[in-house]
Amino acid sequence: MSETTLVLIKPGGVNRNLIGEITRRIEARDLKVVGLKLINAERATVEEHYAEHRERPFFGAVVDYLCSGPVVAMAIKGTNAVKAIRAMMGATNPLEANPGTVRGDFALTIDDNLTHSSSDPEAAARELGLWFPEGTVG
Ligand code: CMP
């Protein structure tokens with residue numbers, strides 16, 4: 001089933017020049033980029049994005065981190081895109097991420113795990129509305 005999901009390349013990934021590598025992997029999988037922007041995220045957008053984590057001890061730190069530099073927001077479309085992208089990014093904690101995944105290959109700590117991707121189709125719809133209120137292409 002064709003789905004569209006959100007990928008964020010966090011400030012650490014942008015800073016380490018991984019925009020191309022991460023996007024290359026996504027496109028090589030035959031998933032389509034249907035939205036793409038490099039932005040300094042508004043704090044309110046990031047707080048809304050991570051609303052489910054508001055009571056967690058790391059909430060303030062993760063919001064600060066997402067606001068610490070430019071992020072790439074991408075809308076990615078394709079068959080089973082939500083699960084395919086999650087698998088490609090690897091476990092949230094890079095120490096548990098398999099080699100061959102983005103985090104398994106390029107990250108070491110959960111605080112700097114390079115990307116965010118939507119956890120399920122409902123989260124994807126909510127997050128795409130937040131980061132692409134203007135809509136996506138296709
Ligand atoms: P992400 O997929 O963007 O969703 C929430 C983020 O919070 C997560 O990736 C991590 O970057 C960050 N985070 C920091 N500490 C933790 C933690 N203990 N558990 C889960 N996420 C954490």
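Residues numbered from 1 in each chain as written. Predicted model: local features only at pLDDT ≥ 70, side-chain atom pairs only at ≥ 80, totals over all residues. Heavy atoms only, no water.

Caption draft 1: Highlighting the overall build of the chain. Along the chain, the regular secondary structure elements total seven helices and four strands. In sequence order, the secondary structure elements of the chain are arranged as β-α-α-β-α-α-β-α-α-β-α. Taken over C-alpha atoms, the radius of gyration comes to 14 Å for the chain, in line with the 14 Å a tight globule of 138 residues would show. Counting only C-alpha atoms, the chain reaches 35 × 35 × 25 Å along its principal axes. Residues classed as buried in the chain amount to 46% of the 138 residues present. Within the chain, counting contacts between residues at least 6 apart in sequence, those at least 24 apart form 76% of the total. Charge-centre separation for the chain: the mean point of 15 positive side chains lies 4 Å from the mean point of 18 negative side chains. (Helix = DSSP H or I, 4+ residues; strand = E, 2+ residues; numbered from the N terminus. Rg over C-alpha atoms; globule rule 2.2 N^0.38 Å. Buried < 20%, exposed > 50% of the residue type's maximum accessible area, 1.4 Å probe, protein only. Contact = heavy atoms within 4.5 Å. Lys, Arg positive; Asp, Glu negative; His and termini not counted. Charge placed at Lys NZ, Arg CZ, Asp CG, Glu CD.)

Caption draft 2: Representation of the nonpolar core. Counting residues in each nonpolar core, the largest one holds 18 residues, and the members touching the most others are Ile22, Ile26, Leu31, Met74, Ile76 and Ile85. Sorting the residues of this core by element identifies β1 (2-9), α2 (19-28), β3 (71-79) and α5 (81-89) as the ones contributing at least two each. For this core, the element with the most residues is α5, which contributes five residues. Beyond its immediate chain neighbours, meaning those up to four positions away, Ile76 contacts Glu3, Thr4, Thr5, Val7, Ile26, Leu31, Lys32, Val33, Val34, Ala81 and Ile85. Formed by 17 residues, the second largest nonpolar core is a distinct cluster that contains Leu6, Tyr50, Val62 and Tyr65. (Core = buried A, V, L, I, M, F, W, Y, C linked by side-chain atoms within 4.5 Å.)

Caption draft 3: Representation of the side chain of Thr23 in the model. Considering the arrangement of structural elements, one finds Thr23 in helix α2. In terms of polar contacts, Thr23 uses its side chain to reach the backbone carbonyl oxygen of Ile19, at 2.7 Å. Excluding residues that lie within four positions of it along the chain, Thr23 makes contacts with Ile9, Val33 and Met74. (Polar contact = N/O pair within 3.5 Å; in protein donor to acceptor, adjacent residues only side chain to side chain.)

Caption draft 4: Up close: the site of the ligand. Around the ligand sit Lys10, Tyr50, His53, Phe58, Val62, Thr92, Ile110, Asp111, Asn113 and His116, and that is every residue in its neighbourhood. Between the ligand and the protein, one listed contact pairs an oxygen atom with a side-chain N or O atom of Lys10 at 2.8 Å. One nitrogen or oxygen atom from the side chain of His116 is found 3.1 Å from an oxygen atom belonging to the ligand. Each residue belonging to the shell around the ligand can be placed in one class, and the counts come to four nonpolar, four polar and two charged. (Near = heavy atom within 4 Å. Nonpolar A, V, L, I, M, F, W, Y, C, P; charged D, E, K, R; others polar.)

Caption draft 5: Focus on the sheet that holds β3. As summarised here, the arrangement of the four strands in space is β2-β3-β1-β4, forming an open sheet in which the pairing is antiparallel. Looking at which strands have only one partner, the edges of the open sheet turn out to be β2 (32-39) and β4 (115-117). Across the sheet, the mean angle separating the axes of adjacent strands is 15° when strand polarity is ignored. Bridging between β1 and β3 involves eight bridges; their strand directions are antiparallel. Considered in β3, the bridge of Glu3 is made with Gly78. (Pairing = 2+ DSSP bridges. Axes fitted to C-alpha atoms, helices over the stretch in contact; angles between N-to-C directions.)

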